[in-house]
Amino acid sequence: MTRIIKSFDYSLTPAKTPADILLDIQAVYISENKPFIFTSGRLSPIYVDCRKIISFPTERRLLIAMAVEQLIAMSTETAFDMVAGGETAGIPFAAWIADAFNLPMLYIRKEAKGFGCNFRIEGQVRKGARVLLVEDLATDCLSKISFIEAIRDAGMQVAHCFVIFEYGVFANCSTILQKESVELHSLCNLLDILVIAKQYGYTAKKLVEVFTFLNDPEAWQSRIKE
Ligand SMILES: O=P(O)(O)OC[C@H]1O[C@H](OP(=O)(O)OP(=O)(O)O)[C@H](O)[C@@H]1O
Ligand SMILES: O=C(O)c1cc(=O)[nH]c(=O)[nH]1
């Protein structure tokens, strides 16, 4: 298959790291009082809303350009031949990455639709295809496992998962993906955000809370539940 890698105009934006972009667009929420609840049921003092990226054309273009660069560098161009987004937040990022590589795209529902064709994977499934799973972020990777199972159940292969942001604090995330022989690729992690967050006006109290969480999320959660 011919690859058309789209070129991106970096001149529009001053040099910014992915963590800067997330902070700049106010996608990073830190709560001092009421913990956030994650999809896994875990509690956290921080919530990163990558969904906000879609509303910022310059920043999203820059992040997709960085994603494309990283994927080209990591992959040799033959590592995947389809791009699949995880419902819902992963879908726009998968679309832009698929477009940049001129590759077919799919999206994967959390559950089969339940009526109509009752598909869990939308788009044209191709048996044996090597699929790049794209999501907005990774916390403990349990959602990734479900999407990976869906891809494999449909007769396709998956060895790489790309996210804009990964927490990088939950030990089981890398372990469970390794067990599935899937490599996680991300543009930034929680530490990248925390080391620059002070410049964006977060109070020392908030930052100390998140550093405590980063050092031991399980202990942080136990303390909050007491
Ligand atoms: O469980 P992990 O693999 O670590 O990833 C965290 C998941 O949480 C978010 O989705 P959410 O369940 O909030 O659904 P949404 O995308 O529909 O908003 C995010 O988009 C990831 O899919
Ligand atoms: O794990 C999650 O549910 C989650 C964490 C986070 O920081 N942001 C998000 O959108 N989901």
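Note that this is a predicted model, so its numbers are computed, not measured.

**Quick notes on the site of ligand 1**
Phase 1: Neighbouring ligand 1 are 16 residues; T88, E135, D136, T139 and S143 lie closest to it.
Phase 2: Within the contact set of ligand 1, an oxygen atom lies 3.0 Å away from a backbone nitrogen or oxygen of A89.
Phase 3: K110 places a polar side-chain atom, nitrogen or oxygen, 2.7 Å from an oxygen atom of ligand 1.
Phase 4: Burial of ligand 1 by the protein amounts to 87% of the accessible area it has alone, namely 490 Å².
Phase 5: Its atoms largely coinciding with the cavity grid, ligand 1 occupies the largest pocket.
Phase 6: Where the shell around ligand 1 is concerned, the elements lending two or more residues are β8 (130–138) and α4 (142–153).

**Side note on the site of ligand 2**
Phase 1: Around ligand 2, the neighbouring residues are F38, T39, Y47, V48, R51, L137, T139 and Y167.
Phase 2: In the environment of ligand 2, an oxygen atom lies 2.5 Å from a nitrogen or oxygen atom belonging to the side chain of Y167.
Phase 3: In isolation ligand 2 offers 290 Å² of accessible surface; the protein chains occlude 94% of this area.
Phase 4: When atom positions are compared with the pocket grids, ligand 2 is found to occupy the largest pocket.
Phase 5: Here the shell around ligand 2 is composed, by residue class, of 5 nonpolar, 2 polar and 1 charged.

**Considering the packing of aromatic side chains**
Phase 1: Inspection of every chain in the model, using the stated rule, returns 9 aromatic pairs.
Phase 2: Aromatic side chains F36 and Y47 sit 5.6 Å apart centroid to centroid with 35° between the ring planes, which places their arrangement in the tilted category. With a gap of 11 residues between them, F36 in strand β2 (residues 36–37) and Y47 in strand β4 (residues 46–48) connect regions that are remote in the sequence.
Phase 3: Given a relative accessible area of 23%, F36 falls into the partly exposed group.
Phase 4: On the accessibility criterion, Y47 (25% relative accessible area) is partly exposed.
Phase 5: Of the aromatic side chains, those joined through ring pairs into one cluster are F36, F38, Y47, F165, Y167, F170, F213 and W220.

Conventions adopted
Residues numbered from 1 in each chain as written. Chains lettered and ligands numbered in written order. Predicted model: local features only at pLDDT ≥ 70, side-chain atom pairs only at ≥ 80, totals over all residues. Heavy atoms only, no water. Near = heavy atom within 4 Å. Polar contact = N/O pair within 3.5 Å; in protein donor to acceptor, adjacent residues only side chain to side chain. Areas by Shrake-Rupley, 256 points an atom, 1.4 Å probe, with all protein chains shown as cover. 1 Å grid on protein atoms, 1.4 Å probe; cavity = no way out; pocket = protein on both sides within 12 Å on 5 of 7 lines; lining within 4 Å. Sits in = over half its atoms within 2 Å of the grid points. Helix = DSSP H or I, 4+ residues; strand = E, 2+ residues; numbered from the N terminus. Nonpolar A, V, L, I, M, F, W, Y, C, P; charged D, E, K, R; others polar. Phe/Tyr/Trp six-rings, centres within 6.5 Å; stacked < 30°, edge-to-face > 60°. Buried < 20%, exposed > 50% of the residue type's maximum accessible area, 1.4 Å probe, protein only.

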